[in-house]
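Here are the chains, one letter per residue:
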Amino acid sequence: MTSVRLADVVKAYDVRGLVPEQLDVEVVRALGSAFAQVVVLPEEEAGVVVGHDMRDSSPELARAFAAGVAVHGVDVTMIGLASTDQLYYASGALDRAGAMFTASHNPAAYNGIKLCRRGARPVGQDSGLAEVRDLAQWLLDRGGLHDLPTPGRPGTLDETDVLADYAGYLRSLVDLRGGRPLTVVVDAGNGMAGHTVPAVLDHPDVPVRVVPLYFELDGTFPHHEANPLVPENLRDLQAAVVRHGADLGLAFDGDADRCFVVDEGGRPVTPSAITALVAAREIAKEVAAGADPSSVAVVHNVICSRAVPETIAALGARPVRTRVGHSFVKAQMAEHEAVFGGEHSAHYYFRDFWYADTGMLAALHVLAALGEQDGPLSALVAAYDRYAASGEVNSRVADVAAAVARARDWAEAQGAVADTLDGLVMTREQAPLWWFSLRASNTEPLLRLNVEAADTTTMEQVRDTVLGLVRQEDADG
């Protein structure tokens, strides 16, 4: 019997929990068994590929999960240390379901699992993860796997190193040969980019000199959290770019599936600008291959800058707007056969990478684009960063619906039009143009505000007005 409640650790898209209080060998073995029974066997997957990050608990948990899968006669391929996008590569290239052991940017006490079907297709709450959770809970409640009937032959466990193949595949998608030499500072945050960046960039076809920061794999994150979304976690990278006179800097999160960019002056480049830049390159690549631009689709979420759909449309391609979250992006990409998808959280998805997200491939596009011309990165991205943005501002409110209603009433009085695809988006097209997004958290009384406007003064006025309305009840109290 177990006291673990899997409902506390199985999230919308993955598994996250404290080790060993919420995740231990017994729990992940049960999750492996449930994954085999719910996804692998019914869908006749050829097997499961398992990778893990650099956290101390990851190797043991990965082996326990593999044992739970193998009980059911399913063959397992262990790829060892890997980034999440390296695991997605293995799932696609080996045509197997996958399990990646990582807690991404979470602190050292955590671990987790990201699951996928063959071809890196997602497993989320609405696509099998809830059923995996419930079956694993049932197994744990009755004492684990000890009394489980087994097939005649248990699955085999073998080990395969896919790092070199992963790196070669990424380089085959972006040709950096012929570009000017660049110097790039890379902050791996002691995460898995310290494993993958040398494999990808240390190659004769890549005219790039890497200045490494925190490449030592260390799941205790001794220098800073491996979460580049937090501004203070970029400070070492920003200083190093200026100190080394580098052309740009790259920062990866703990499992290296997200990549953040700073320019030659150490200034952060918004993920929306990177989305627009990569979109332009992918559209051009399709057109050069003979595609009609109108047949090329690119997906972006609702909080991306207006510069993203404007860039896509200006090139004759089709912008497809979707809700925030990888399951929504991937679903829209599949439906529209989109060549690329981007989120303002620095997740970048590629059709040629099984519709999965890979920060490393986005980084290669940035390096190639910069190397193909003589100017600095700040000049290159200026065309894609033409609006003033607030960044995400969070507010804790007791009555989310009332707070949103107050903001909507005010915005409509200014001539703004409402959109409710994902939370509330209010857009005023008249000069001075502005829009804001209010999205409620699913788990707490929290509202996330993003504002964008034609100029900084307008953005700040809208931001402050909406925040005042959202937080009004607290001020009144």
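Residues numbered from 1 in each chain as written. Predicted model: local features only at pLDDT ≥ 70, side-chain atom pairs only at ≥ 80, totals over all residues. Heavy atoms only, no water.

Novice: Explain the sheet that holds strand 11 (residues 268-269) here, please?
Specialist: Pairing between the strands of a sheet is mediated by backbone hydrogen bonds and can be parallel or antiparallel. One open sheet accounts for five strands, arranged 8-7-9-10-11; its pairing is mixed. For this open sheet the edge positions go to strand 8 (208-213) and strand 11, each flanked by a neighbour on one side alone. As paired elements, strand 7 (residues 182-187) and strand 8 share six bridges and run parallel to each other. What sits directly across from Leu-182, in strand 8, is Val-208. (Pairing = 2+ DSSP bridges. Helix = DSSP H or I, 4+ residues; strand = E, 2+ residues; numbered from the N terminus.)

Novice: Where do I start with the packing of helix 5 (residues 163-173) against helix 11 (residues 359-371) in this structure?
Specialist: How two helices pack is summed up by the angle between their axes together with the distance between the axes. The N-to-C vectors of helix 5 and helix 11 enclose an angle of 40 degrees; their axes lie 10 Å apart at closest approach. Overall, the two elements helix 5 and helix 11 adopt an arrangement that is oblique. Between helix 5 and helix 11 lies a crossing whose hand is right-handed. Residues Tyr-166, Leu-170, Arg-171 and Leu-173 of helix 5 form the contact with helix 11, whose own contacting residues are Met-360, Leu-361 and Leu-364. Its residues assigned to classes, the contact of helix 5 with helix 11 shows six nonpolar, no polar and one charged. (Axes fitted to C-alpha atoms, helices over the stretch in contact; angles between N-to-C directions. Parallel < 35°, antiparallel > 145°, perpendicular 65-115°, else oblique. Left-handed = near helix turned anticlockwise from the far one by under 90°. Contact = heavy atoms within 4.5 Å. Nonpolar A, V, L, I, M, F, W, Y, C, P; charged D, E, K, R; others polar.)

Novice: Any chance you could explain the packing of helix 1 (residues 25-40) against helix 2 (residues 58-70) here in plain terms?
Specialist: Running from N to C, helix 1 and helix 2 cross one another at 40 degrees; their axes reach a closest spacing of 7 Å. Compared by their axis directions, helix 1 and helix 2 come out oblique. In this structure, helix 1 meets helix 2 at a crossing whose hand is right-handed. Of helix 2, the residues touching helix 1 (which contributes Val-25, Val-28, Arg-29, Leu-31, Gly-32, Ser-33, Phe-35 and Ala-36) are Glu-60, Leu-61, Ala-64, Phe-65, Gly-68 and Val-69. Tallied by class, residues from the contact of helix 1 with helix 2 come to nine nonpolar, three polar and two charged.

Novice: Any chance you could explain the packing of aromatic side chains here in plain terms?
Specialist: The relative placement of two aromatic rings is captured by the distance of their centres and the angle of their planes. In total, this model carries twelve aromatic pairs according to the counting rule given. Between Tyr-169 and Phe-353, the aromatic rings sit 6.4 Å apart at their centres with planes inclined by 35 degrees, giving tilted as the arrangement. Of this pair, Tyr-169 sits in helix 5 while Phe-353 sits in the loop between strand 15 (348-350) and helix 11, and the two are 184 residues apart along the sequence. Taking 5.0 Å as the distance between ring centres and 50 degrees as the angle between the ring planes, the aromatic pair formed by Phe-340 and Phe-350 counts as tilted. Of this pair, Phe-340 sits in strand 14 (residues 340-342) while Phe-350 sits in strand 15; the two residues are ten residues apart in sequence, bridging distant segments of the chain. (Phe/Tyr/Trp six-rings, centres within 6.5 Å; stacked < 30°, edge-to-face > 60°.)

Take it as geometry only, folks, not as evidence of what the structure does.
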